[in-house]
Amino acid sequence: MKKLGIPVMPSRLTQDYNAGRGSQLPAGIVLNTGKRRIARRLSFNGQAVRYERA
């Protein structure tokens, strides 16, 4: 994402977990891309990356 110039933040569920507001951590790879729409499909070790728009 850095090569594309897209700032990436943790997902909302991950942010809640880190702040102590939740007890469940997302099992998959979820990236918060802000208001940008991403049409690319990425996968690492057989797990697909999901994108979350804020």
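The present account deals with the structure reproduced in this document. (Residues numbered from 1 in each chain as written. Predicted model: local features only at pLDDT ≥ 70, side-chain atom pairs only at ≥ 80, totals over all residues. Heavy atoms only, no water.)

1. Quick look at the overall build of the chain
- In terms of regular secondary structure, the chain is built from one helix and four strands.
- When the helices and strands of the chain are read in sequence order from the N terminus, they spell out β-α-β-β-β.
- If one aligns the C-alpha atoms of the chain with their principal axes, the spans along those axes are about 30 × 25 × 15 Å.
- Across the 54 residues that make up the chain, the buried fraction comes to 19%.
- Looking at the chain alone, contacts between residues at least 24 apart form 23% of all its contacts between residues at least 6 apart.
- Surface summary for the chain: the accessible area is close to 4,600 Å², and the carbon and sulfur share equals 49%. (Helix = DSSP H or I, 4+ residues; strand = E, 2+ residues; numbered from the N terminus. Buried < 20%, exposed > 50% of the residue type's maximum accessible area, 1.4 Å probe, protein only. Contact = heavy atoms within 4.5 Å. Areas by Shrake-Rupley, 256 points an atom, 1.4 Å probe, with all protein chains shown as cover.)

2. Considering unusual backbone geometry
- Phi is positive for Asn-45, close to 50 degrees, though the residue is something other than glycine.
- With respect to the secondary-structure elements, Asn-45 resides in the loop between β3 (43–44) and β4 (47–52).
- In this structure Asn-45 comes out as exposed when scored by relative accessible area, which is 84%.

3. Quick notes on the pairing of β4
- As paired strands, strand β2 (residues 29–32) and β4 are joined by four bridges and run parallel to one another. Its bridge partner being in β4, Ile-29 is matched across the sheet by Val-49.
- Examined bridge by bridge, β3 and β4 share two bridges and lie antiparallel to one another. What sits directly across from Phe-44, in β4, is Gln-47.
- The turn linking β3 back onto β4 is made up of two residues, and Asn-45 within it adopts a positive phi angle of 50 degrees. (Pairing = 2+ DSSP bridges.)

4. Topic: the pairing of β2
- Of the two faces of β2, only one is covered, namely that formed by Val-30 and Asn-32; the face formed by Ile-29 and Leu-31 stays uncovered.
- Across two bridges, strand β1 (residues 9–10) lies against β2 in antiparallel orientation. In the strand pairing of β2, Met-9 is matched with Asn-32.

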